[in-house]
Amino acid sequence: MSKILEGLYTALAASVALAVLMFLYLHGDLLADSTTGQMAAINAMIWLHVVAGILWIGLLWYFNMVQIPTMPKIPPELKPAIGKFIAPNALFWFRWSALATVVTGLAVAFLRGYLHEALALQMPARTIGIGMWLALIMAFNVWFIIWPNQKKALGIVATDDAAKAKSARIAMLTSRANFVLSLPMLYCMVSQNIAG
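Below is a summary of the structure that appears in this document. Just so it is clear, the model here is predicted, and its values are computed rather than measured. (Residues numbered from 1 in each chain as written. Predicted model: local features only at pLDDT ≥ 70, side-chain atom pairs only at ≥ 80, totals over all residues. Heavy atoms only, no water.)

1. Remarks on the overall build of the chain
Reasoning step 1: Counting its regular elements, the chain contains seven helices and zero strands.
Reasoning step 2: Taken from the N to the C terminus, the helices and strands of the chain come in the order α-α-α-α-α-α-α.
Reasoning step 3: Looking at the chain residue by residue over its 196 residues, the buried ones come to 29%.
Reasoning step 4: The contacts of the chain with a sequence gap of at least 6 include a subset with a gap of at least 24, amounting to 65%.
Reasoning step 5: For the chain, the exposed area adds up to about 12200 Å²; of that, 73% sits on carbon and sulfur atoms.
Reasoning step 6: Separation between the mean location of the 13 positive side-chain charges and that of the 7 negative ones in the chain comes to 12 Å. (Helix = DSSP H or I, 4+ residues; strand = E, 2+ residues; numbered from the N terminus. Buried < 20%, exposed > 50% of the residue type's maximum accessible area, 1.4 Å probe, protein only. Contact = heavy atoms within 4.5 Å. Areas by Shrake-Rupley, 256 points an atom, 1.4 Å probe, with all protein chains shown as cover. Lys, Arg positive; Asp, Glu negative; His and termini not counted. Charge placed at Lys NZ, Arg CZ, Asp CG, Glu CD.)

2. Some details on the side chain of threonine 174
Reasoning step 1: Tracing the backbone shows threonine 174 in helix H7 (residues 161-195).
Reasoning step 2: Look past the residues within four positions of threonine 174 in its chain and what remains in contact with it is Asn141, Ile145 and Ile146.

3. Section: the side chain of serine 97
Reasoning step 1: When you line up the elements, serine 97 lands in helix H4 (residues 79-112).
Reasoning step 2: Only 3.4 Å separates the side chain of serine 97 from the backbone nitrogen of tryptophan 56, close enough to count as a polar contact.
Reasoning step 3: Within the local environment of serine 97, its side chain forms a polar contact with the backbone oxygen of phenylalanine 94, the two atoms lying 3.1 Å apart.
Reasoning step 4: Non-local contacts of serine 97, meaning those with residues more than four positions away in its chain, are made with Ala52, Leu55 and Trp56. (Polar contact = N/O pair within 3.5 Å; in protein donor to acceptor, adjacent residues only side chain to side chain.)

4. A look at the nonpolar core
Reasoning step 1: Trp56, Phe94 and Met185 are the most contacted members of the largest nonpolar core, which has 24 residues in total.
Reasoning step 2: Per-element accounting of this core gives the leading share, nine residues, to helix H6 (residues 126-153).
Reasoning step 3: The residues touching tryptophan 56, leaving out its near neighbours within four places in the chain, are Phe94, Ser97, Ala98, Thr101, Ala135, Met138, Ala139 and Val142. (Core = buried A, V, L, I, M, F, W, Y, C linked by side-chain atoms within 4.5 Å.)

5. As for the packing of aromatic side chains
A ring pair, where both rings are aromatic, is described by two values, the distance of the centres and the angle of the planes.
Reasoning step 1: Following the criterion strictly, the structure yields six aromatic pairs and no others.
Reasoning step 2: For the pair phenylalanine 63 and phenylalanine 94, a centre-to-centre distance of 5.3 Å together with 85 degrees between the ring planes defines the contact as edge-to-face. Residue phenylalanine 63 is located in helix H3 (residues 34-70), and its partner phenylalanine 94 is located in helix H4; the two are separated by 31 residues in the primary sequence. The pair formed by phenylalanine 63 and phenylalanine 94 is uniform in burial state, with each residue classed as buried.
Reasoning step 3: Ring centres 4.9 Å apart and planes at 80 degrees place the aromatic pair tryptophan 96 and tryptophan 143 in the edge-to-face group. One end of the pair, tryptophan 96, is in helix H4; the other, tryptophan 143, is in helix H6, and 47 residues separate them in sequence.
Reasoning step 4: Using a relative accessible area of 22% as the deciding quantity, one classes tryptophan 143 as partly exposed.
Reasoning step 5: Cluster of aromatic residues (ring-pair linked, three or more members): Tyr62, Phe63 and Phe94.
Reasoning step 6: For arginine 95, the ring lying beneath its charged end belongs to tryptophan 147, and the centroid distance is 3.8 Å. (Phe/Tyr/Trp six-rings, centres within 6.5 Å; stacked < 30°, edge-to-face > 60°. Lys NZ or Arg CZ within 6 Å of the ring centre and 35° of its normal.)

6. Remarks on H4
Reasoning step 1: Its 34 residues place the ends of H4 47 Å apart at the C-alpha level, agreeing with the 50 Å of an ideal helix rising 1.5 Å per residue.
Reasoning step 2: Its axis deflected by about 35 degrees at isoleucine 86, H4 carries its strongest bend there, up to four residues before the proline proline 88.
Reasoning step 3: Just downstream of H4, glycine 113 is the residue with a positive phi angle, here 85 degrees. (Expected span 1.5 Å × (residues − 1). Bend = angle between axes of the 7 residues up to and from the residue.)

7. Comments concerning the packing of H4 against H6
Reasoning step 1: Running from N to C, H4 and H6 cross one another at 155 degrees; their axes reach a closest spacing of 10 Å. In this view, H4 runs roughly antiparallel relative to H6, as classed from their interaxial angle. In this structure, H4 meets H6 at a crossing whose hand is left-handed. Of the residues in H6, those in contact with Leu91, Phe94, Arg95, Trp96, Ala98, Leu99, Val102, Leu106 and Ala109 of H4 are Met132, Ala135, Leu136, Ala139, Val142, Trp143, Ile146, Trp147 and Gln150. (Axes fitted to C-alpha atoms, helices over the stretch in contact; angles between N-to-C directions. Parallel < 35°, antiparallel > 145°, perpendicular 65-115°, else oblique. Left-handed = near helix turned anticlockwise from the far one by under 90°.)

Put into C-alpha cells, the structure is as follows:
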C-alpha cells in the first residue's frame with residue numbers, strides 16, 4: 001500500500017480506479033440501456049468537470065491565500081526554490097485544469113442541450129450562462145495574461161528585472177481578479193442546479 005501512496009501518479013491512478021469501481025458498483029446497470037447509458041456518459045463528463053474545477057479553483061485559492069501573501073516573508077536565498085520548482089509546476093496544473101474545466105463544462109452544456117441558451121444568457125439558462133461567461137473570462141486570464149506574465153516573472157522567458165517586476169504585478173493582479181470572480185462563478189454553477 002505504501003508503494004501506491006508514495007508516488008503521485010500511482011496514488012492518482014488508485015483514486016481514479018476506486019472512482020470507476022464505485023461508479024460500476026453503484027450505477028453500472030445504467031450502461032445496459034442506451035438512454036440511461038447516455039445519462040451515465042453525461043454524469044461522467046460532469047464528474048470530470050467537477051474534478052478539473054476543484055483543481056483549478058483550488059490552485060487559484062492556493063496562489064492567492066498562501067503563495068502570494070507568503071512570498072514577501074520568505075528569505076531571499078529560499079525564493080529561487082519557489083520560482084524554479086514550485087510555481088512552474090503549480091502553474092502547469094493551473095492552466096491545464098482551467099482548460100479542462102472549460103472544455104468539460106462546455107461539453108456538459110452541449111450534451112444537456114443548453115449550450116446556446118446559456119451562452120446567449122437566455123432566461124431558462126441565464127444563471128448557468130453567467131457562470132460560464134465568468135469561467136471563460138477567468139480561463140482567458142489564465143492563458144493569455146497570467147501565464148505569459150508568469151513566464152517573464154519566473155525567468156522562463158528572458159527579460160530584464162524591471163520587466164520581471166512589472167509582469168509579476170500584472171500576473172498577481174489578474175490572479176486576484178480571478179480570485180474575486182471565483183465565488184460569483186461558483187455561486188452561479190451551484191444555484192443553477194438548485195433552480196433547476
